[in-house]
Amino acid sequence: MQILTYNSAAAFLSIGKLFKVAVLAFLTIVSLSGDLKAQRSYELNTGWKCAAIAEVKANGPSLSTSDYSVANWMSATVPGTVLTTLLNNNKVPDPFYGMNNAHIKDIYVTGRDYYTYWFVKDFDEAAPVNGQQVYLNFRGVNYSSEIYLNGKKVNPKLHTGMFLRQSYNVSALLNKTGKNRLAVLVYPPDPVGNPNGGQGGDGKIAKSVGLQYTAGWDWIQPMRDRNTGIWDKVTIEKTGEINLMNPHVITVVPGLRKVSGPQQPAIVKASAELQNPTNHAVKGILQYVLDGNTVSKAITLAANSRQEVSLADFTLKHPSLWWPNGYGPQNLYNLKMQFLTAGNHVSDQEIVSVGVRQITTSWNTETHSRQVEVNGQKVFIKGGNWIISDAMLRFSDARYDAEVRFHRDMNLNLIRVWGGALVERPEFYQACDKYGLLVFQDFWISGDANGKWFDPMKAEDQWTRRKYPDDHALYLKSVADQIKMVRNHASLAIWCGGNEITPPEDILLAVRDTILPKLDGTRWFVDYSNSDKMSLNTLGGNGDGPYGIQPLSAFWEDRTQPFNSEVGSVGLSDYESLTRFIPEKNMIAPEYSAEKKTSKVDSVWDYHKYIGYDAAIDPYGKAKNPKDFADKAQLVNYDQYRGLMEGFSSHMWSWYTGTIIWKTQNPWTAMRGQMYDYYLDPNACLYGLHNGSEPLHAMYNPVTGMVSVVNNTFETQRDLMLTAKTIEMNGADSLLTQVFVEVQASSVKSFLPLKSVVDRRAHEQGVFLCLQIFDKNKNKLSENIYWIADAKGNYSGLQKMEPSSVQTSARKIAEGKIEVTLTNPAKMPLAFFNRISLVDPATNKRILPVFYSDNYISVLPGDQKKITMEYVPGKGAQAVVVSVTGWNVHEQLIPVK
């Protein structure tokens, strides 16, 4: 089969009333061989019609013939859910806006038939001849389906399971005229669960093998149709007599490797499943081509058979290795695997993107946790928890690329895919391969729904829930299928049995001892996300957390779990983001009562899962209005996530082998746990993390006043000039010290105790502390500017800062790439906390997504900073302007030269 790729200028669906981005996506079929001119794979992703089952009196055989008119049916979104189709036909309001979701009928109330739908698609495909074969493939249907083609039933029995791919040889069912009709009846999960406000609602959603969050969680409201629909790709695939399926490529990289310099050889192991649906034996050659080298094997496939074939190991000389983000390049090879029949005709082929790397783990006896090694080098894990790209399953390769790129820009090296969602799609993994994000992939179990805790919100007791899901055989079959789907990706590093709890024992043992060794065998499997085998819990409690705003000192001095799978804080975005989903009448800032230690919160904020900033805003001055509140929240965001990663890094290899933030993205318009909003607009969380996670970083311990340098690279860093200075609110600076230092590879080292002098200078109104690292040629490698509170813990000086006269210019340096220069004159106040945005001058709204080299930046007096921004210009796009606004910088709108 051929590989499908997508070229997209932008592929983001507008949800908010004030946010629209044009979707400019088109499908390209990559031609791979002259022998494949008549062979291709293509998506059935347009022209679908649908109707609710109650509105249709005909049966499947009748519906799947062209004699039956569907002219009056709704246009359907496929891939997509029923709710997406209803939204796109204006049958329901946008569930991501305001309280709209509360007014959409829930399947628990309506009954399953309300969201049970027929989907019909007419397509052209001639009946094959001369032994050619045609397959109909479904990559995901939620939850059960009956499939009919040209009056005949395709699947002999009801297909069940959200995460189980389907493939049917429909060669004999295609019409000779080439005109065909496909009809699919899709049933919702059963049971659908009661969305009663519990984690996973009443828990019954977990009785099926599917998504759990759709019944609601503490960061999302329920999806009213439970994401019923043909939610993933439907393809037609054409092959010769032999179908090449599920290729498997393993790379072995022995020894301790360096990023640069000559490389010793690596070993490549490859295999594939071959299917012969004909009534006669077929002889041929299975081969692959990698970096100009061919490895092959002659095969005879018996009639009506399916066989797994392994090729001889291949020694790849001088390999270009794949490394995680921050450590080295993400080199990728294209491996072309083919089955050739007589005359060297290509019967079928697959393209596999191969990153040559080896991932191992070992037990760190000092931290009492696992540590991850890539190509023999230990990697300090800096990760983020990921739910799903879109709560309504509106996936695109462009959105995946943008979200994963944001994680790269956070200077993270791992994404954990949480167990209440799904095994992520190949397009997600392609982006992780590209940007160097290791993946920690959970299977579909959660402590909340699967019985770990007593929970009065649940319909059934813990003993019963501990046996979920009901169909263990389907669960295991789905696990095996999804492993095959993503196992070739270099980024996939860790398999996990479930979120905070193992699956039932029979499932656990089958996955751990049989399925994974057979189908993968190269990756660490951890029983559950906070297992003692991953991170020994000697502190008690659940083995993860804490969550919410922490004193910055806590990140440095309060020891948590040694490989913490969930630790996090807040994530409110700025005012422009809030206007995309909060009605004007509800744009009311939370009011914190110091006396009661609680906040009064508007109903829409509460519905969208606002988590309290409470007393954290007031040290910057009482919020005057919602915009002021959101602006000050960004200061809290930046400080929290910079502090979090600095605190963990300060105890690298002594207390910790890694940490994973809960969480870094939202699939819905929630107001917590996000570095960027649903609309792909970053907030200060992202850039605080970007700063605190940078590979070479100078940092200040707020408890001891010690300045240290963390080196998250594989090379010793020598001849580094470390400088420290304070800057008063009026811009006057004072050098505290500067010293040449050396930091060993993958380590942290303390250098300068500055607490007494910093506290003294901050006493009255606070002070800025600037730490910088220069190389021996005076090139600035890192700059970290802290704002230190006064003796009472308030930022009184910030509240009285004079405006800065920062000068800004912007120039286009390439198509879709702009350089912004901010210059702060000498003898002026520091230009503090500047948000840079790319703006459409016609609407004065931000263009999204845009990727900034840095943001929420501060510029020292007499200094200059350059920021690059990258975006995809729309077709026929008008001129854009750059907006710069800061704490003491009035908004500037800068034309781009």
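These figures come from a predicted structure and were not determined experimentally. (Residues numbered from 1 in each chain as written. Predicted model: local features only at pLDDT ≥ 70, side-chain atom pairs only at ≥ 80, totals over all residues. Heavy atoms only, no water.)

**Digging into the overall build of the protein chain**
Scanning the protein chain from terminus to terminus reveals 15 helices and 49 strands. Its C-alpha atoms give the protein chain a radius of gyration of 28 Å, near enough to 29 Å, the size a compact globule of 897 residues would have. For the protein chain, the spread of C-alpha atoms along the principal axes amounts to about 85 × 65 × 60 Å. A burial count over the protein chain gives 62% of its 897 residues as buried. For the protein chain, the accessible surface area stands at approximately 33,300 Å², while carbon and sulfur atoms represent 50% of it. (Helix = DSSP H or I, 4+ residues; strand = E, 2+ residues; numbered from the N terminus. Rg over C-alpha atoms; globule rule 2.2 N^0.38 Å. Buried < 20%, exposed > 50% of the residue type's maximum accessible area, 1.4 Å probe, protein only. Areas by Shrake-Rupley, 256 points an atom, 1.4 Å probe, with all protein chains shown as cover.)

**Brief notes about the layout of surface pockets**
Of the volumes computed, that of the second largest pocket is approximately 980 Å³. In terms of lining, the second largest pocket is formed by 34 residues, of which the most central are Lys627, Asp631, Thr885, Gly886 and Trp887. Mapped onto the lining of the second largest pocket, the elements with two or more residues apiece are helix 10 (575–578), helix 12 (626–650), helix 15 (796–799), strand 43 (831–840), strand 44 (845–846), strand 48 (881–886) and strand 49 (889–895). Sorting elements by how many residues they give to the lining of the second largest pocket places helix 12 first, with six residues. Counted by class, the lining of the second largest pocket contains 11 nonpolar, 12 polar and 11 charged residues. (1 Å grid on protein atoms, 1.4 Å probe; cavity = no way out; pocket = protein on both sides within 12 Å on 5 of 7 lines; lining within 4 Å. Points joined across faces, edges and corners; volume = space filled by probe spheres on them. Nonpolar A, V, L, I, M, F, W, Y, C, P; charged D, E, K, R; others polar.)

**As for the packing of helix 7 (residues 472–486) against helix 8 (residues 505–519)**
Remark: helix 7 packs on helix 8, axes separated minimally by 11 Å, with the N-to-C direction vectors making an angle of 30°. Accordingly, the angle class assigned to the pair helix 7 and helix 8 is roughly parallel. Here helix 7 runs over helix 8; the crossing is right-handed. Of helix 8, the residues touching helix 7 (which contributes His472, Tyr475, Leu476, Val479, Ala480, Ile483 and Lys484) are Asp506, Ile507, Ala510, Val511, Ile515, Leu516 and Leu519. Residues that form the contact of helix 7 with helix 8 fall into these classes: 11 nonpolar, one polar and two charged. (Axes fitted to C-alpha atoms, helices over the stretch in contact; angles between N-to-C directions. Parallel < 35°, antiparallel > 145°, perpendicular 65-115°, else oblique. Left-handed = near helix turned anticlockwise from the far one by under 90°. Contact = heavy atoms within 4.5 Å.)

**With respect to the packing of aromatic side chains**
Tallied over the entire structure, the rule returns 46 aromatic pairs. With a centroid separation of 5.7 Å and 80° between ring planes, the pair formed by Phe380 and Trp653 is classed as edge-to-face. In this pair, Phe380 sits in the loop between strand 24 (377–379) and strand 25 (381–386) while Trp653 sits in the loop between helix 12 and strand 33 (658–661), placing the two residues 273 residues apart along the sequence. Of the two residues, Phe380 and Trp653, both sit in the buried class. Judged by centre distance (6.2 Å) and plane angle (75°), the rings of Trp605 and Phe629 are edge-to-face. Residue Trp605 is found in helix 11 (residues 603–607), and its partner Phe629 is found in helix 12; the two are separated by 24 residues along the sequence. With a relative accessible area of 0%, Trp605 lands in the buried category. Through a chain of ring-to-ring contacts, the aromatic side chains of Tyr620, Tyr638, Tyr687, Phe768, Trp787, Tyr795, Phe832, Phe833, Tyr856 and Trp887 assemble into a single cluster. The ring of Trp653 carries the charged tip of Lys378 above its face, separated from the ring centre by 4.4 Å. (Phe/Tyr/Trp six-rings, centres within 6.5 Å; stacked < 30°, edge-to-face > 60°. Lys NZ or Arg CZ within 6 Å of the ring centre and 35° of its normal.)

**Notes on the sheet that holds strand 37 (residues 733–743)**
Strands sit in the order 37-36-39-40 across an open sheet of four strands; the sheet is antiparallel. This sheet does not close on itself; its edge strands, each paired only once, are strand 37 and strand 40 (780–788). The average angle at which neighbouring strand axes cross in this sheet is 15°, direction not considered. Strand direction decides the pairing type here: strand 36 (residues 717–727) and strand 39 (residues 767–774), joined by seven bridges, are antiparallel. Following the sheet pairing, Leu722 is matched in strand 39 by Ile773. (Pairing = 2+ DSSP bridges.)

**Structural notes on the pairing of strand 39**
The element strand 39 is extensively covered by neighbouring structure, given that eight of its eight residues are classed as buried. With burial as the criterion, each face of strand 39 is covered, one bearing Val767, Leu769, Leu771 and Ile773 and the other bearing Phe768, Cys770, Gln772 and Phe774. In this structure, strand 39 lies alongside strand 40, joined through eight bridges in antiparallel fashion. Looking at the pairing, Phe774 lines up with Lys780 of strand 40. Linking two consecutive strands that pair antiparallel, namely strand 39 and strand 40, is a turn of five residues; a positive phi of about 70° is found at Lys778 within it.

**Some words on the pattern of salt bridges**
What the rule picks out here adds up to 48 salt bridges. Arg580 is the salt-bridge partner of Asp677, the closest N and O atoms lying 2.8 Å from each other. Here Asp677, found in the loop between strand 33 and helix 13 (684–692), pairs with Arg580, found in the loop between helix 10 and strand 31 (591–593); they are 97 residues apart in sequence, far enough to count as distant. In this structure, Asp677 and Arg580 share a single accessibility class: buried. Several salt bridges converge on common partners, so that one network encompasses Asp574, Glu576, Arg580, Asp677, Asp681, Arg835 and Arg846. (Salt bridge = Lys/Arg side-chain N within 4 Å of Asp/Glu carboxyl O.)

**Here we look at the side chain of Thr669**
In this fold, Thr669 is placed in the loop between strand 33 and helix 13. On the basis of relative accessible area, Thr669 is assigned to the buried category, the value being 2%. A polar contact of 2.6 Å, which involves the side chain of Thr669, links it to the backbone oxygen of Phe96. Not counting residues within four places of it along the chain, the set of residues in contact with Thr669 comprises Phe96, Phe581, His608, Tyr678 and Tyr679. (Polar contact = N/O pair within 3.5 Å; in protein donor to acceptor, adjacent residues only side chain to side chain.)

**Brief notes about the environment of Gln772**
Position of Gln772 relative to the elements: it lies in strand 39. Spatially, the C-alpha atoms of Gln772 and Leu722 are 5.8 Å apart, while their sequence positions differ by 50 residues. When residues no more than four places from it in sequence are discounted, the contact partners of Gln772 are Met721, Leu722, Thr723, Lys725, Lys780, Ser782, Glu783 and Leu860. Only 2.7 Å separates the side chain of Gln772 from the side chain of Glu783, close enough to count as a polar contact.

**Comments concerning unusual backbone geometry**
Tyr143 follows Asn142 through a cis peptide bond whose omega is 15°. Its location among the elements puts Tyr143 in the loop between strand 7 (133–138) and strand 8 (144–149). Look at the link from Tyr468 to Pro469: it is a cis peptide, with omega at -5°. Relative to the assigned elements, Pro469 resides in the loop between helix 6 (462–465) and helix 7. Its identity is not glycine, yet His318 carries a phi of approximately 50°, on the positive side. Of note, His318 is situated in the loop between strand 19 (314–316) and strand 20 (333–341). For Lys827, which is not a glycine, the phi torsion comes out positive at approximately 60°. Judged by its relative accessible area of 82%, Lys827 falls in the exposed class.

**Notes on the pairing of strand 17 (residues 293–301)**
On a regular strand, one side chain projects to one face of the sheet and the next to the other, so that they alternate. Two strands pair when backbone bridges link them, and strand 16 (residues 282–290) and strand 17 are joined in this way by nine bridges, in the antiparallel orientation. Directly across from Tyr288, in strand 17, lies its bridge partner Val295. In this antiparallel pair of consecutive strands, strand 16 and strand 17, the connection spans two residues, and Asp291 shows a positive phi of 55°.

**Regarding the sheet that holds strand 16**
Taking strand neighbours across the sheet as the criterion, the four strands line up as 17-16-20-21 in an open arrangement whose pairing is antiparallel. Of all the strands in the sheet, the pair left with one neighbour each is strand 17 and strand 21 (345–354). Recorded for the sheet is a direction-independent mean angle of 15° between the axes of neighbouring strands. Bridge analysis of strand 20 against strand 21 gives nine bridges, and the strand direction is antiparallel. Looking across to strand 21, one finds that Thr341 is bridged to His345.

No statement about biological role is implied by the geometric values presented.
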